[in-house]
Amino acid sequence: MKNQISARAMMRAAPLWSILGAPLVALAFVASAHATVLCVSPSGTVPPGQAKKAGCSATISETIGGAIAAAAGGDTVFVFDGSYPEMVTIGPALTGLSLLGRDPKKTIINAANKANGIVDEANGVTINGFTITKANHEGILVEGSTAASCSMGACTPGDQITGVTISNNIVLSNDQQLDTKTSPPTCPGVPGVPDFDAEDCGEAVHLDGVAFSTVSNNVIQKNAGGILLTDENNSNHDNLVNGNDVEDNIPDCGITLPSHPPAGSDLNIGDASFGVFRDTVTDNISKNNGAAGVGVFTPTPGTSSHNHLILANELIGNINPGVIFHSHAPGQNLTGTEVVGNLIERN
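What you are looking at is a predicted structure, and each value in this text was computed from that prediction instead of being measured.

### What to know about the overall build of the protein
- When helices and strands are tallied, the protein shows 4 helices and 35 strands.
- Buried residues in the protein amount to 54% of all 347 residues.
- For the protein, restricting intrachain contacts to residue pairs at least 6 apart in sequence, the fraction spanning at least 24 positions comes to 75%.
- As presented, the protein carries roughly 13,100 Å² of accessible surface, and 54% of it is formed by carbon and sulfur atoms.

### What to know about the pairing of strand β1 (residues 37–40)
- In β1, alternate side chains face the same way, and those of Val-37 and Cys-39 on one face and Leu-38 and Val-40 on the other are all buried.
- Both β1 and strand β3 (residues 76–79) contribute to a ladder of 4 bridges, which runs parallel. Each residue of the ladder has a partner; that of Leu-38, found in β3, is Val-77.
- Here β1 runs beside strand β2 (residues 56–61); their pairing, made up of 3 bridges, is parallel. Bridge pairing in β2 places Cys-39 opposite Ile-60.
- For the segment spanning β1, helix α3 (residues 48–54) and β2, crossover handedness is right-handed.

### Some details on unusual backbone geometry
- Between Ser-183 and the following residue, Pro-184, the backbone shows a cis peptide bond with an omega angle of -5 degrees.
- Along the chain, the position of Pro-184 falls in the loop between β16 (170–172) and β17 (205–208).
- Cis geometry marks the peptide bond from Ile-250 to Pro-251, where omega comes out at 20 degrees.
- Tracing the backbone through its elements, the reader meets Pro-251 in the loop between β24 (245–247) and β25 (255–258).
- At Glu-203, a position not held by glycine, the phi torsion is positive, near 70 degrees.
- Checked against the element boundaries, Glu-203 lands in the loop between β16 and β17.
- Given the relative accessible area of 1%, Glu-203 is considered buried.

### Focus on the layout of surface pockets
- Of the pockets and cavities examined, the largest pocket occupies roughly 530 Å³.
- Lining the largest pocket are 22 residues, and of these Phe-196, Glu-199, Asp-200, Asp-252 and Phe-297 lie nearest its centre.
- Listing elements by their share of the lining of the largest pocket, those giving two or more residues are β25 and β33 (323–327).
- Partitioned by chemical class, the residues of the lining of the largest pocket number 11 nonpolar, 5 polar and 6 charged.

### What to know about the state of the cysteines
- Scanning the entire structure with this criterion turns up 3 disulfides.
- The side chain of Cys-39 participates in a disulfide bridge whose partner is Cys-56; the two sulfur atoms lie 2.0 Å from each other. Where Cys-39 bonds to Cys-56 through sulfur, the torsion about that S-S bond is close to -90 degrees, and the disulfide is left-handed. Placement of the pair is Cys-39 in strand β1 and Cys-56 in strand β2, with a sequence separation of 17 residues.
- Covalently, Cys-150 is tied to Cys-155 through a disulfide, its sulfur atoms 2.1 Å apart. Residues Cys-150 and Cys-155 share a disulfide whose torsion about the S-S bond is about 110 degrees; that sign makes it right-handed.
- A relative accessible area of 26% means that Cys-150 is categorised as partly exposed.
- Sequence-ordered numbering of the bonded cysteines in the protein yields a pairing of 1-2, 3-4, 5-6.

### A closer look at the sheet that holds strand β8 (residues 118–120)
- Taken together, the 8 strands give an open sheet; going across it, the order is β5-β8-β11-β17-β21-β25-β29-β33, and neighbouring strands pair in parallel fashion. The open sheet has two edge strands with one neighbour each: β5 (88–90) and β33. Pairwise comparison of adjacent strand axes, ignoring direction, gives a mean angle of 10 degrees for this sheet.
- Note: β17 against strand β21 (residues 227–230), 4 bridges, orientation parallel. Across the sheet, residue Asp-208 finds its bridge partner in β21, namely Thr-230.

### Here's the deal with the pairing of β21
- With burial as the criterion, each face of β21 is covered, one bearing Ile-227 and Leu-229 and the other bearing Leu-228 and Thr-230.
- In terms of strand pairing, β21 meets β25 through 2 bridges, oriented parallel. The residue bridging Ile-227 from the neighbouring strand is Ile-255, located in β25.

Rules used in this analysis
- What you see as residue numbers is a count from 1 along each chain, following the sequence as written.
- Only residues with pLDDT of at least 70 are given local features in this predicted model, and only at 80 or more are side-chain atom pairs given and counted; all residues enter the totals for whole chains, interfaces and linings.
- Processing note: side-chain calculations cover all non-hydrogen atoms of the structure and skip hydrogens and water entirely.
- Secondary structure elements follow DSSP: runs of H or I of four or more residues count as helices, runs of E of two or more count as strands, with numbering from the N terminus.
- Partly exposed residues are those whose accessible area sits between 20% and 50% of the maximum for their type, while under 20% is buried and over 50% is exposed, using a 1.4 Å probe and protein chains only.
- The contact definition used throughout considers only heavy atoms, calling two residues in contact when any of these lie within 4.5 Å.
- Throughout, the Shrake-Rupley method with a 1.4 Å probe supplies accessible areas, and for residues the shown protein chains are the sole cover considered.
- Two strands qualify as a pair provided DSSP detects at least 2 bridges between them.
- Crossovers are marked right-handed if the path from the first strand over the helix to the second runs clockwise, as seen with the strands pointing away from the viewer.
- Cavities and pockets were defined on a 1 Å grid built over protein atoms only: a cavity is a set of grid points that admits a 1.4 Å probe from which the probe cannot escape, a pocket is an open set flanked by protein on both sides within 12 Å along at least five of seven lines, and lining residues are those with an atom within 4 Å of any such point.
- Grid points are joined across faces, edges and corners, and a volume is the space filled by probe spheres set on the points.
- Three residue categories are used. Nonpolar comprises Ala, Val, Leu, Ile, Met, Phe, Trp, Tyr, Cys and Pro, charged comprises Asp, Glu, Lys and Arg, and polar comprises the others, including Gly.
- Throughout, a disulfide means two cysteine sulfur atoms within 2.5 Å of one another.
- To define axes, lines are fitted to C-alpha atoms, for helices over the stretch in contact only, and angles between the resulting N-to-C directions are given on a 0 to 180 degree scale.

Right under this line is the structure:
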């Protein structure tokens, strides 16, 4: 296992202006003509020249949460270098918010003793340019604010989230509450953990009931698992997982597309899941993870994960096969997935 993030991996999480091919002034890039740029610095101050280039509004927040509380949908929250000991929640009213860190190596959300690093409950959100580390549960969780529920076998989905972009982040050493001394591992003490996330604390980046969204060019290392696309709260479909470096996540998979019972509850086993389908996993490195490089799973009756495209990935040195399909019980749909042009070796 590596002790440091590789140089190749770091190139996947470069500072914002180097990706855009322009200096910081290019922050004007994301804010519409009527949107506000709310800036954040640990000291509550930013040198006037930098503030002008970033387009900062008059008030500089000391916390990311403070800036988000003052934001409206479509605004930009721009975070300068520093360590921010907080859990950041983007509420459902903040459609189209851009949450941008100046440099993913220097703009750090330290979520120690917090449930998550970032929770997004809004559509159309961009999360770019952070290190997210040490959360008890997921580093980044995208999930609707209203949860799915079942009664007498009839299941009502929660809110579906669409149009989210998660890019150029370093998601490192989350899932801190995972207890690997038990068999299977458990995640005690975090409220609301669905039964089917209890063995991995939700992994590093978790999209639950999300559609038409992108997870790209992130470095995801040393969590319990890497990228997780599930359907506990609503269907999960037509997402793109592209260009990520997913390494040394143990004990779980690098990239996982499992279908779970509604609400993620053992009580709903046998009820039809909302479904995980038509997701594209391409051009990722999934290496030295604790289970499969990419896993597609339907673990209980009624679950459905199908018609995905797994294309041109490097799946190397994982504990289980590079790509693995598990259908554990009757009455599932695990059909139609294409596995094309991947490098699969030493698994």
